[in-house]
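Listed below are the residues making up each chain.
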Amino acid sequence: MAAVRALVGSRLAAASAFASLSPGGRTPSQRAAIHLSAPHPAAKVALVLSGCGVYDGTEIHEASAILVHLSRGGAEVQIFAPDIPQMHVIDHTKGQPSESESRNVLTESARIARGKITDLAKLSAANHDAAIFPGGFGAAKNLSTFAVDGKDCKVNKEVERILKEFHQAGKPIGCDASTSLPAPAPWWSRNPVLRCPGLSCVWCWQGESHTCVDEHQ
């Protein structure tokens, strides 16, 4: 996540420096610099949701906090979620499963995104500078089967594809709080980008029993 903040911060600083040069206060060299350079584009960040609600989807407070900080940093955010059924629906007033209900992860995630959401299958690392996964039990229930199968779990195929794409491109991947995304270790176990410093995150994966944890824990 520190890498994400650095990426957003550097681009925001460049844009601020450019904007601060008022017409009356520019020296000849400053005016020449403006003609020779252009402001940096905003960082493009993909936010991947897993539903709406801490017990069966995305933790709403965490998703909102991430959106606020990305907005303050000048990032351009696009929100994604898989178009799949939820593992189950939890009645958040009781903390118990609602046996008669079934919900869709993309549809529920659209509540947080205010309707501006895209199917996860359309996310490509080529079009974004970073990807962030907010916490919530949806990561272990809908993005993977970790909540049921533990170390023997499977990861949603689109989530695994995205993680591999961003890893191979050397782009930051952030996870917040209760995010737990298991996946085969060899393709990311030695990638420092996945250490997510600054967040209370835990990444688990099967095969080599490696666990990457936040430096603050």
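As annotated in an unreviewed UniProt entry, the protein chain carries the name Glutamine amidotransferase class 1 domain containing 3 and is attributed to Rhinopithecus roxellana.

### Remarks on the overall build of the protein chain
Of regular secondary structure, the protein chain possesses 7 helices and 9 strands. Split into buried and exposed, the 217 residues of the protein chain put 44% on the buried side. Working note: accessible area of the protein chain is about 11,100 Å², and carbon and sulfur atoms make up 54% of it.

### Regarding the pairing of strand S1 (residues 44-48)
Along S1, 4 of the 5 residues are buried, which leaves the element largely enclosed by surrounding structure. In this structure, S1 lies alongside strand S2 (residues 76-81), joined through 5 bridges in parallel fashion. By the bridge assignment for S2, Lys44 is matched with Glu76. A crossover connection joins S1 to the parallel S2 through helix H3 (residues 60-72); in handedness this β-α-β unit is right-handed.

### Things to note about the side chain of Glu158
Within the secondary structure layout, Glu158 lies in helix H7 (residues 157-169). A distance of 2.7 Å separates the side chain of Glu158 from the side chain of Arg161, its partner in a polar contact. Among residues more than four places away in sequence, those in contact with Glu158 are Leu120 and Ala121.

### Considering the environment of Asp119
Structurally, the position occupied by Asp119 is in strand S5 (residues 118-119). Placed 39 residues apart in sequence, Asp119 and Glu158 show a C-alpha to C-alpha distance of 10.0 Å. Here Asp119 is in contact with Phe80, Ala81, Pro82, Asp83 and Leu106, once residues within four sequence places are set aside.

### A short note on the sheet that holds strand S6 (residues 130-133)
Across the sheet, which stays open at both edges, the 5 strands sit in the order S5-S2-S1-S6-S7 with parallel pairing between neighbours. Both edges of this open sheet fall to S5 and strand S7 (173-175), since each of them pairs with a single strand only. Note: S2 against S5, 2 bridges, orientation parallel. Across the sheet, residue Phe80 finds its bridge partner in S5, namely Thr118. Across the sheet, H3 touches S1, S2 and S6, and the angle it forms with S1 is around 175 degrees.

### Some points on H7
The end-to-end C-alpha distance of H7 is 18 Å, a good match for the 18 Å that 13 residues give at a rise of 1.5 Å each. Turning to H7, its buried residues are Glu158, Val159, Glu160, Ile162, Leu163 and Phe166. For H7, the N-terminal capping position is held by Asn156, with its side-chain oxygen 2.9 Å away from the main-chain nitrogen of Glu158. At the exit of H7 stands Gly170, carrying a positive phi of roughly 70 degrees.

### A few points about the pairing of S6
With burial as the criterion, each face of S6 is covered, one bearing Ala130 and Ile132 and the other bearing Ala131 and Phe133. Two elements, S1 and S6, share 3 bridges in a ladder whose sense is parallel. Paired with Leu47 across the strands is Ile132, a residue of S6. Strand direction decides the pairing type here: S6 and S7, joined by 3 bridges, are parallel. Considered in S7, the bridge of Ile132 is made with Gly174.

### Observations concerning the pattern of salt bridges
For the coordinates displayed, the defined rule picks out 6 salt bridges. Here Arg103 makes a salt bridge to Glu108, at a shortest N to O gap of 3.3 Å. On the accessibility criterion, Arg103 (32% relative accessible area) is partly exposed. In this structure, Arg111 engages Glu108 in a salt bridge whose closest nitrogen and oxygen atoms are separated by 3.3 Å.

### A few points about the packing of aromatic side chains
Throughout the structure, instances matching the rule amount to 1 aromatic pair. Seen from their ring centres, Tyr55 and Phe137 are 6.4 Å apart, and the 35 degrees between their planes marks the pair as tilted. Remark: Phe137 occurs in the loop between S6 and helix H5 (138-141) and Tyr55 occurs in the loop between S1 and H3; sequence separation between them is 82 residues.

Thresholds applied
Residues numbered from 1 in each chain as written. Predicted model: local features only at pLDDT ≥ 70, side-chain atom pairs only at ≥ 80, totals over all residues. Heavy atoms only, no water. Helix = DSSP H or I, 4+ residues; strand = E, 2+ residues; numbered from the N terminus. Buried < 20%, exposed > 50% of the residue type's maximum accessible area, 1.4 Å probe, protein only. Areas by Shrake-Rupley, 256 points an atom, 1.4 Å probe, with all protein chains shown as cover. Pairing = 2+ DSSP bridges. Right-handed = clockwise from strand over helix to strand, strands pointing away. Polar contact = N/O pair within 3.5 Å; in protein donor to acceptor, adjacent residues only side chain to side chain. Contact = heavy atoms within 4.5 Å. Axes fitted to C-alpha atoms, helices over the stretch in contact; angles between N-to-C directions. Expected span 1.5 Å × (residues − 1). Salt bridge = Lys/Arg side-chain N within 4 Å of Asp/Glu carboxyl O. Phe/Tyr/Trp six-rings, centres within 6.5 Å; stacked < 30°, edge-to-face > 60°.

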